[in-house]
Each structure stands twice: as structure tokens, then as C-alpha cells.
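# Observations on the model geometry
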Amino acid sequence: MVQPAKKSATKTIKVNLAQQIVEAHEGNTRIFRFECVTGDNEHPTDRGMFRVMRKVHPYRSHTYSVQMDYAMFFTQDGKALHQYHGVVPLSVVRTARSSVGDWFGSHGCVRLAEADAKALYGWVSVGTTVLVS
């Protein structure tokens, strides 16, 4: 007797703005948990449910002329999960953002450390749900 094919678990990316955390889930199983830096007060990261519309690597922002490698775009206006390319380590930026001010935030994108962005980029598919709250 032929067994029916198992339906693959749904992939979801959850961005927690208050905790500055990205989690990737496959069904109910957490696959990844990464620290991130999101938008500042003047350029907030949009809240809501989105889908990864496209993936591009390498990528350079046309708007800000900065590298955004491993870019996973989830809004029409170009917000993406992507690699952080600053000279100061992401962990320092996260600390400064929480203690000094959100001036250290992004222009609405979700910045990740290089290894984290690369791992997420390899795991995610176009169409994957992105929940930002």
C-alpha cells in the first residue's frame, strides 16, 4: 500500500520588535533564534503579516547605497531581513540601541549578523510568512 506524502511543515519567521529577536519556525519546531536590530522611531519596521517576496545575494541598497547581503525582502517598499555590514559589531549596536537610544536602529529593515543572515537565507523560501510584532 502506498503511503500518502507527508505535507511539509509551514515555515514562518517571527520578528519580535520589543526583544529584538528573530525566530524561524517549521511548524511548531523552532529552527533558528537570532538577535537582530530593527527600525528606529523615524523609520520603524512595519508590524503585521508579510511574505518573503524575493531573495537577493549579494545586494546593495539603491536608496541608501549600503550592502544588504542575504536580503529577504518582505515589504513593497524594500524592507528586508539582511546581513548587517556596520563597522561596530551587531551586539554593540543592540546594546547601544537599548541603552543610548534607537538612533542605532535601521531604516526599517531587520539586521542580522552575517552567519545568521546566511543561515536564514539558505533556509527560507520565497513565500515564507514573516510575522512582525
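A short tour of the structure in this document, coming up. From a predicted model like this one, the values you see are computed outputs, not experimental measurements. (Residues numbered from 1 in each chain as written. Predicted model: local features only at pLDDT ≥ 70, side-chain atom pairs only at ≥ 80, totals over all residues. Heavy atoms only, no water.)

## Re the sheet that holds strand S9 (residues 129-132)
Judged by pairing direction, the sheet is mixed, and its nine strands sit side by side in the order S4-S9-S1-S2-S3-S8-S7-S6-S5 without closing on themselves. On the outer flanks of this sheet lie strand S4 (48-51) and strand S5 (54-56), each paired with one strand and no other. Across the sheet, the mean angle from the axis of one strand to that of its neighbour is 25°, orientation sign disregarded. Relative to strand S3 (residues 29-37), strand S2 (residues 21-26) runs antiparallel, the two being bridged by six bridges. Counterpart to Ala 24 in the pairing with S3 is Phe 32. Sheet strands touched by helix H2 (residues 114-123): strand S1 (11-16), S2, S3, S5, strand S6 (71-73), strand S7 (80-83) and strand S8 (110-112). Its angle to S3, the strand with the most contacts, is close to 140°. (Pairing = 2+ DSSP bridges. Helix = DSSP H or I, 4+ residues; strand = E, 2+ residues; numbered from the N terminus. Axes fitted to C-alpha atoms, helices over the stretch in contact; angles between N-to-C directions. Contact = heavy atoms within 4.5 Å.)

## Concerning a nonpolar patch on the surface
A cluster of nonpolar side chains, namely Val 87, Val 88 and Val 92, defines an oily patch on the protein surface of about 280 Å² accessible area. Residue placement: Val 88 occurs in the loop between S7 and helix H1 (90-99). (Patch = residues over 30% accessible without salt bridge, like charges linked within 9 Å, V, L, I, M, F, W, Y side chains within 5 Å. Areas by Shrake-Rupley, 256 points an atom, 1.4 Å probe, with all protein chains shown as cover. Salt bridge = Lys/Arg side-chain N within 4 Å of Asp/Glu carboxyl O.)

## Considering the layout of surface pockets
Its volume calculated, the largest pocket comes out at about 450 Å³. As for the largest pocket, its lining consists of 23 residues, of which Ser 61, Tyr 64, Val 66, Met 68 and Cys 109 are closest to the centre. (1 Å grid on protein atoms, 1.4 Å probe; cavity = no way out; pocket = protein on both sides within 12 Å on 5 of 7 lines; lining within 4 Å. Points joined across faces, edges and corners; volume = space filled by probe spheres on them.)

## Things to note about the pattern of salt bridges
This model, assessed by the stated rule, comprises four salt bridges. Here Arg 30 ties to Glu 23 by a salt bridge, and the two come within 3.0 Å at their closest N and O atoms. Given a relative accessible area of 47%, Arg 30 falls into the partly exposed group. Residue Glu 23 is classed as buried on the basis of its relative accessible area, which comes to 19%. Measuring nitrogen to oxygen at the nearest pair gives 3.3 Å for the salt bridge that ties Arg 33 to Glu 23. Taken together, the positions of Arg 33 in strand S3 and Glu 23 in strand S2 put the pair ten residues apart, joining distant regions of the chain. (Buried < 20%, exposed > 50% of the residue type's maximum accessible area, 1.4 Å probe, protein only.)

## Considerations on unusual backbone geometry
For the peptide bond that leads from His 57 to Pro 58, omega is -10°, which places it in the cis range. Look at Ser 65: it is not a glycine, yet its phi comes out positive at around 55°. By the secondary structure assignment, Ser 65 is in the loop between S5 and S6. For Ser 65, a relative accessible area of 44% puts it in the partly exposed group.

## A look at H2
Every buried residue of H2 is accounted for by Asp 116, Ala 117, Leu 120, Tyr 121 and Trp 123. Each buried residue of H2 sits inside an arc of 165° when the element is viewed along its axis, so together they form one side. In H2, the exposed positions angled more than 90 degrees off the buried face are occupied by Ala 115, Lys 118 and Gly 122. (Arc of directions from axis to C-beta.)

## Let's talk about the side chain of His 25
Structurally, the position occupied by His 25 is in strand S2. Of the polar contacts made by the side chain of His 25, one reaches the side chain of Glu 23; its length is 3.2 Å. Beyond its immediate chain neighbours, meaning those up to four positions away, His 25 contacts Thr 10, Lys 11, Thr 12, Lys 14, Arg 30, Ile 31 and Trp 123. (Polar contact = N/O pair within 3.5 Å; in protein donor to acceptor, adjacent residues only side chain to side chain.)

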